[in-house]
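# Structure at a glance
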Amino acid sequence: MSLSEATASPLLRQPLLSDEDTARSRDRSRVHHARYNNRRWRLLWLLVGPGILAMLGENDGPSMIAYASDGAQYGLGFFVPVIPILFAMAYVVQEMCMRVGAVTHRGYGELVLQRHGRVWGWFGAGDLCLTNLVTLIAEFVAIRVGLAYFHLGPGVAVALGLVLVLFTLSGGRYWRWERTVLGLALFNGLFLVAAILVKPHVGSIVSSFSFTPLPGGSLNTLLLLMASTIGATVTPWMIFFQQSASADKGMTPKDVRHGRYDTALGAVLAGVFGVGALIAGAALLNHGLGIQGFAGAGFPAALSHVAGGAVGTVFALGLIEAGAVAILTISASTAYAAGECVGVSHSFNTSPRNAAVFYAANVGVSLLAGLVILIPGAPLLSIALNANVLATVLLPVSLVFVLMLANDRPLMGRWANRRSTNVVGIAVIVFVSICGAAYGIDSFLQSVHIIGS
Amino acid sequence: MSAEPYEHDRATQLQDVPIPYDPDADEELIMHLERDQLVAETFRPVPRAELGRRAAIGLWALRIFVVLVSAMVIYTFMAGLH
């Protein structure tokens, strides 16, 4: 007799506890024991996860290449202080997602669908699936760039990504999935190692906090740089992922404080590692080397040439890690969105047999993205560059609904946003919307040749 | 040592093998979840939000924004592919 059958109510003939409940309650029992026994560090260890994964997952392959390119083209000035500010903005958004997930125990997709109708629900999910697919292609390309440094081909990149997805899904438990990906995500610190290895001048890092020198070029260039850097910091998949993962982890309103620590820690780590990539990339400043970027092993090879083989190797390994972690978190966010919108089981705590849509979406979107990079002559560069356009332009919609859900008093009760959070949240949305819309409009006007690039 | 009972308890709870049916154990497990955390509860849909006039206008503005910008993005994306 299975546990579900054993605990069926004889009156309602309905299981009180599903297997998903049982798995989650085991995780929660450890949290209860840690809290009851006042074991603070253990409690923190048990409750961290979704925030760090969302933030370090967003330090993905294309983002780290974007940061390093900023450093290589413009040096440390301006972008070193901008990256921490952007991650502070990301914290504001992600904290709201965590709080809504912990209080309602529901994912972003299902709440938007149920509270604001099918049009917005399906639009959000469709937008997410499209941008996730394009972003996943860019992640496989980033792994390919890293592996190309070690003379390994795209087939290895696809195999590595898919094996990781299948391996992390094999446990049938959220806890195992989270800890495996968390362990892998900490290797994002390789970018900090790369920054240390290039022996940067400390004085120039400190002086860069004066936001000078401003990047040269036209207003369009600055706008595009800002928008692409924002696109590398806050994205729709993070919103879906952290809210759904917080609910899947079993977080409750009692855990909101630790959820904030988790999110803040993730933001700090992601900011530090992002600045690390920028500093490493700045080693290429004034060397006049053409950066091939996505086309081959350009960036690690250029770093190896200028700063030594160790830096190139560490950077290449970092790119492989960044791409791999992002594949895991982004495919998970797609799976959550698919399960929530279809209205079927969507949890790592459920077996593949009972959550076929969830697991199929998780593996399917990764498989599809992997297959694209194996197509000979596929326009990978165009796809990778447009991934940020799509994500940034459609981000305001996701942000508006996060703010609405976090302010939904019938839903959130006393955990609804305070006025100060709303002021900061609205400022973030307005800033991102202006940059995102300007970026989209600018790209469109360039593509129809109304303005020059 | 105070940690021992806890460690023993934890080791028992961490086992992934199927748990033999024990009504008391089920009772203890369910106590670690809030009622609205149960899968059966989370599958119960929440009612549609009642929006004020300003919020409704804001969402219509958002719809228009989405349609316009999406058209631009799709065009840019297709142009980029070519």
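This text gives an overview of the structure that appears in the document. Everything numeric in this text was worked out from a predicted model, so none of it was measured.

## A word on the nonpolar core
With 152 residues, the main nonpolar core has Val93(A), Leu278(A), Ala280(A) and Val402(A) as its most contacted residues. A total of 20 residues in this core trace back to one element, the largest contributor, which is helix α17 (residues 309-342) of chain A.

## Observations regarding helix α21 (residues 419-447) of chain A
Residues and elements named next belong to chain A. An ideal rise of 1.5 Å per residue puts 42 Å on 29 residues; α21 measures up with 41 Å between its terminal C-alpha atoms. Restricting attention to buried positions, one finds in α21 the residues Gly425, Val428, Ile429, Val432, Ser433, Cys435, Gly436, Tyr439, Gly440, Asp442, Ser443 and Phe444. Looking one or two places after α21, you find His449, whose phi comes out positive at around 60°.

## Quick word on the packing of helix α5 (residues 61-74) of chain A against helix α8 (residues 118-149) of chain A
All names here are of chain A. Two elements in contact, α5 and α8, have axes separated by 8 Å at closest approach and are oriented at 65°. Only Ala138, Glu139, Ala142 and Ile143 of α8 make contact with α5, whose side of the interface consists of Gly61, Pro62 and Ile65. Broken down by class, the residue content of the contact of α5 with α8 amounts to 5 nonpolar, 1 polar and 1 charged.

## Section: unusual backbone geometry
Residue and element names in this part refer to chain A. Its identity is not glycine, yet Asn38 carries a phi of approximately 55°, on the positive side. For Asn38, the location among the structural elements is in the loop between α2 (19-36) and α3 (40-47). Of the residues examined, Asn38 has 8 C-beta atoms within 10 Å and is grouped as exposed. Positive phi outside glycine occurs at Lys199, with the angle close to 50°. Tracing the sequence through the fold places Lys199 in the loop between α11 (190-197) and α12 (202-207).

## Structural notes on the packing of helix α9 (residues 154-169) of chain A against helix α18 (residues 356-374) of chain A
All names here are of chain A. Closest axis-to-axis distance for the α9/α18 pair is 9 Å, and the angle between their directions is 175°. Relative to α18, α9 is oriented roughly antiparallel. Contacts between α9 and α18 involve Pro154, Gly155, Val158, Gly161, Leu162, Val165, Leu166 and Leu169 from the former and Tyr359, Asn362, Val363, Ser366, Leu367, Gly370, Ile373 and Leu374 from the latter.

## Quick notes on the environment of His201(A)
Relative to the elements of secondary structure, His201(A) occurs in the loop between α11 and α12. Separated by 78 residues in the primary sequence, His201(A) and Ile279(A) place their C-alpha atoms 9.8 Å from one another.

Procedures and definitions
- Residues numbered from 1 in each chain as written.
- Chains lettered and ligands numbered in written order.
- Predicted model: local features only at pLDDT ≥ 70, side-chain atom pairs only at ≥ 80, totals over all residues.
- Core = buried A, V, L, I, M, F, W, Y, C linked by C-beta atoms within 7 Å.
- Buried ≥ 20, exposed ≤ 12 C-beta atoms within 10 Å, placed from the backbone.
- Helix = DSSP H or I, 4+ residues; strand = E, 2+ residues; numbered from the N terminus.
- Expected span 1.5 Å × (residues − 1).
- Axes fitted to C-alpha atoms, helices over the stretch in contact; angles between N-to-C directions.
- Contact = placed C-beta atoms within 7 Å.
- Nonpolar A, V, L, I, M, F, W, Y, C, P; charged D, E, K, R; others polar.
- Parallel < 35°, antiparallel > 145°, perpendicular 65-115°, else oblique.

Remember that the coordinates give geometry; whether it matters functionally is a separate question.
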